[in-house]
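Chain residues, written in single-letter form:
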Amino acid sequence: MAKSSKPAAKKPATHPAARAADRSAPSSEGGGKIAKTQIIDLVADRTSLSKKQAGDAVATMLDCVVSALRSGQSVGLPGLGTLSVAQTAERSGVRPGTSERITIPAGKKVRFKVATTLKGTL
């Protein structure tokens, strides 16, 4: 069988702004993440708020969640789940690369429990 002498077809070049717009749109495939600016755009589109007002609302909501977690409170987000702070105990671990045994100090971490309504829709 003879090889084709036709050159391989090239992909059409797209403008960088067009590629950025493709990335900024939330995907239905479930890959990637949505940035804060995209959330602000979605809030502004779905409400009568301007982008500045939506940005202020999103920033205020996030500040309230963070300050509540810092003070040790749980934060319930209806239909989404509950964020809470959990105390972790001191434990031993292994340093990657050297296999040296180390002690990991006690601390705090944020836990998220998914709402049953969200579990049912996924």
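This structure is a prediction, so every number in the text was calculated from the model and none was measured.

Caption draft 1: Region of the structure containing the pairing of strand β4 (residues 101-104). Pairing of strand β3 (residues 91-94) with β4, which is carried by 4 bridges, proceeds in the antiparallel orientation. Within β4, the residue paired with glycine 93 across the bridge is isoleucine 102. Linking β3 to β4, which pair antiparallel, is a turn of 6 residues; within it glycine 97 sits at a positive phi near 95 degrees.

Caption draft 2: Main features of the pattern of salt bridges. Applying the stated criterion across every chain, the model contains 3 salt bridges. As a salt-bridge pair, aspartate 41 and lysine 51 come within 3.4 Å of each other at their nearest N and O atoms. One end of the pair, aspartate 41, is in helix α2 (residues 36-46); the other, lysine 51, is in helix α3 (residues 51-70), and 10 residues separate them in sequence. The partly exposed category is assigned to aspartate 41, whose relative accessible area is 30%. Relative accessible area serves as the criterion here: at 52%, lysine 51 is assigned to the exposed category. Residue aspartate 56 pairs with lysine 52 through a salt bridge whose shortest N-O separation is 3.6 Å.

Criteria and thresholds
Residues numbered from 1 in each chain as written. Predicted model: local features only at pLDDT ≥ 70, side-chain atom pairs only at ≥ 80, totals over all residues. Heavy atoms only, no water. Pairing = 2+ DSSP bridges. Helix = DSSP H or I, 4+ residues; strand = E, 2+ residues; numbered from the N terminus. Salt bridge = Lys/Arg side-chain N within 4 Å of Asp/Glu carboxyl O. Buried < 20%, exposed > 50% of the residue type's maximum accessible area, 1.4 Å probe, protein only.

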